[in-house]
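Tertiary structure, described
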There are 2 protein chains.
Amino acid sequence: MRPERKSRLLSVAARRQPNLTVILENVHDPHNIGAVLRSCDSVGIREVFILYTAPDLAHNRIEIGRNASSGARKWLDIHMYHDVEACFKHVKSNYEHIWATHLGEAAVDLYDIDFTGSVALLFGNEHDGVSGESLAHATGNFIIPQMGMVQSLNISVACAVTLYEALRQRRAADMYGAGNLLSASERDALQEAYLERHTRKNYNKFVRPKQP
Amino acid sequence: MRPERKSRLLSVAARRQPNLTVILENVHDPHNIGAVLRSCDSVGIREVFILYTAPDLAHNRIEIGRNASSGARKWLDIHMYHDVEACFKHVKSNYEHIWATHLGEAAVDLYDIDFTGSVALLFGNEHDGVSGESLAHATGNFIIPQMGMVQSLNISVACAVTLYEALRQRRAADMYGAGNLLSASERDALQEAYLERHTRKNYNKFVRPKQP
């Protein structure tokens with residue numbers, strides 16, 4: 001490994017945000033998944049949850065993102081679940097608030113959310129949105145303000161806009177620098193894991209569900 | 001037309017931002033163009049510039065976005081050019097600053113740009129970025145901060161993240177409300193145009209280049 005690449009790997013690991021994550025529920029399109037993973041990597045997310053409950057999607061494994069992920073899958077821990085309860089039990093063990101992109105009655109504006117706290121972001125299916133079963137686990141709903149005629153955004157666009165607002169707030173709070181929240185042991189473990197993955201071509205190419 | 005739709009059309013037109021635009025240079029993928037148009041509509045952009053200089057792209061007409069635009073093309077004025085000089089002459093007649101997504105030496109951070117001013121945003125080809133010929137017209141380059149291993153974002157993601165930072169700043173300055181910069185005559189003309197387009201199914205489906 002070239003020294004510059006090693007130093008990049010180590011600093012990317014050390015900047016990871018232990019209290020920010022994304023949950024994708026029944027998102028079909030592998031290009032969308034891939035684009036979401038790229039955005040997650042870009043804003044320093046460490047792990048992503050992929051939840052498939054729809055019968056036709058409850059495969060035994062999924063292929064992650066192909067080209068659209070541009071290799072981002074390698075630098076993320078990906079947890080796939082079929083069971084809603086098991087998924088949210090895992091999420092809640094690491095994250096305090098779960099914000100869903102569901103146009104509910106009590107939806108808050110994206111830009112009113114405090115993204116410096118412990119936050120999981122829940123994005124639903126391209127057509128049906130977030131399921132009621134998953135919504136029951138959410139702290140609340142948020143909406144991305146839209147000033148135009150078209151009233152929907154592509155899921156990878158919605159996710160990127162949301163994650164970059166989190167990055168903006170977290171940079172202002174120096175959470176990629178001196179204020180980073182990884183413990184020394186978490187940081188060491190991530191750096192070790194990333195150094196190991198560096199050599200593995202197919203890491204996370206296929207992901208299998210965790211059993212509840 | 002239902003009264004609610006008419007009222008939406010009129011208020012969308014009245015919120016349009018006369019001093020914010022996007023220029024796409026040699027962007028190939030119709031899905032990318034479509035997704036960019038959706039984001040443009042969403043943040044209240046009124047007109048978009050599409051510049052094709054590459055020989056294989058200098059068609060006589062292009063088909064705009066298909067499904068990916070979800071009808072956003074109808075609510076945007078789209079100017080297609082083959083000639084760089086003619087394109088930027090038009091841009092400069094309406095916009096003061098041109099910011100390019102080119103990783104130049106003097107690149108400023110996205111979040112340091114004042115988006116409440118008169119701004120055109122220049123996005124380049126998926127592979128080659130912005131051409132030197134177009135860069136010569138830019139006020140400067142900007143970069144979207146990235147904290148991960150992957151060092152590129154999909155163009156529709158990059159465009160959405162940039163445009164939504166503009167929306168954030170412009171909402172804070174009430175530019176979608178009392179501080180909107182459309183003149184009364186511009187607003188009237190846009191509202192009239194949108195009412196007329198409402199009935200036209202194929203509006204902007206195909207766009208032809210303007211002659212220099």
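Just so you know, these numbers come straight off a predicted model, no measurement behind them. (Residues numbered from 1 in each chain as written. Chains lettered and ligands numbered in written order. Predicted model: local features only at pLDDT ≥ 70, side-chain atom pairs only at ≥ 80, totals over all residues. Heavy atoms only, no water.)

A word on the sheet that holds strand β6 (residues 108–109) of chain A. Residues and elements named next belong to chain A. Taken in spatial order, the 8 strands make up an open sheet running β6-β8-β5-β7-β1-β2-β4-β10, and their pairing is parallel. Each end of this open sheet is capped by a strand with a single partner; those strands are β6 and β10 (209–210). Summarising the sheet, strand β1 (residues 20–25) and strand β7 (residues 119–123) pair through 5 bridges and their orientation is parallel. Bridge pairing links T21 to A120 in β7. Most of the contacts of helix α2 (residues 30–42) go to β1, to which it runs at about 175 degrees, and overall it touches β1, β2 (47–51) and β4 (77–81). (Pairing = 2+ DSSP bridges. Helix = DSSP H or I, 4+ residues; strand = E, 2+ residues; numbered from the N terminus. Contact = heavy atoms within 4.5 Å. Axes fitted to C-alpha atoms, helices over the stretch in contact; angles between N-to-C directions.)

What follows deals with the confidence of the model for chain A. With 94% of its residues at a pLDDT of 70 or more, chain A shows a mean pLDDT of 91. With pTM at 0.94, the complex prediction returns an ipTM value of 0.93. (pLDDT = per-residue confidence, 0-100.)

So, about the relation of the copies chain B and chain A. At an RMSD of 0.0 Å, chain B and chain A line up after a rotation of 180 degrees and a shift of 0.0 Å along the axis. Overall, the copies show the geometry of a two-fold rotation axis. (Least-squares fit on C-alpha atoms with pLDDT ≥ 70 in both.)

A separate point is the UniProt feature "binding site: S-adenosyl-L-methionine" (unreviewed entry) in chain A. The residues that UniProt annotates with the feature "binding site: S-adenosyl-L-methionine" (unreviewed entry) are A:T101, A:I144 and A:L153. Taking the farthest pair of C-alpha atoms as the criterion, the annotated set spanning 53 residues converges on one region, since that pair is 11.2 Å apart. You can see A:I144 is positioned in the loop between β8 (140–143) and α5 (155–172). In this structure A:I144 comes out as buried when scored by relative accessible area, which is 11%. Setting aside residues up to four positions removed in sequence, A:I144 forms contacts with A:L110, A:L153, A:A158, A:V161, A:T162 and B:Y164. Counting through the fold element by element, A:L153 comes out in the loop between β8 and α5. (UniProt positions renumbered as here; feature names shortened; annotations may be inferred. Buried < 20%, exposed > 50% of the residue type's maximum accessible area, 1.4 Å probe, protein only.)

The next subject is unusual backbone geometry. All names here are of chain B. Even without a glycine there, the phi angle at D174 is positive, about 60 degrees. Among the structural elements, D174 can be located in the loop between α5 (155–172) and α6 (184–197). In the Ramachandran plot, N204 falls in the positive-phi region, its phi being about 65 degrees despite a non-glycine side chain. Relative accessible area serves as the criterion here: at 14%, N204 is assigned to the buried category.

Here the focus is the sheet that holds strand β5 (residues 97–100) of chain B. Residues and elements named next belong to chain B. Read from one edge to the other, the open sheet built from 8 strands follows the order β6-β8-β5-β7-β1-β2-β4-β10, with strand pairing classed as parallel. Either end of the sheet is taken by a strand with one partner, and the two such strands are β6 (108–109) and β10 (209–210). Pairing between β5 and strand β7 (residues 119–123): 4 bridges, direction parallel. Counterpart to I98 in the pairing with β7 is A120. Along the sheet, helix α3 (residues 84–94) contacts β1 (20–25), β2 (47–51), β4 (77–81), β5, β7 and β10; its crossing angle with β2, the most-contacted strand, is approximately 160 degrees.

Let us now look at the pattern of salt bridges. A side chain with one charge can pair with a side chain of the opposite charge if their charged atoms come near. This structure, assessed with the given rule, holds 16 salt bridges over all chains. The salt bridge partner of A:R171 is B:D109, with a shortest N-O separation of 2.8 Å. Here B:D109 lies in strand β6 and A:R171 lies in helix α5, a pairing that spans two chains. On the accessibility criterion, B:D109 (15% relative accessible area) is buried. Between A:D188 and A:R187 there is a salt bridge, with its nearest N and O atoms 3.2 Å apart. Residue class for A:D188 comes out partly exposed when judged on its relative accessible area of 39%. Judged by relative accessible area, A:R187 falls into the partly exposed class, the value being 33%. (Salt bridge = Lys/Arg side-chain N within 4 Å of Asp/Glu carboxyl O.)

Here the focus is the packing of helix α2 (residues 30–42) of chain B against α5(B). All names here are of chain B. Relative orientation of the contacting elements α2 and α5 amounts to 10 degrees, with a least axis distance of 9 Å. Considered as vectors, α2 and α5 are oriented roughly parallel to each other. Contacts between α2 and α5 involve N32, A35, V36, S39, C40 and S42 on the former and, on the latter, I155, S156, C159, A160, L163, Y164 and L167. A breakdown of the residues in the contact of α2 with α5 according to their chemical character gives 9 nonpolar, 4 polar and no charged. (Parallel < 35°, antiparallel > 145°, perpendicular 65-115°, else oblique. Nonpolar A, V, L, I, M, F, W, Y, C, P; charged D, E, K, R; others polar.)

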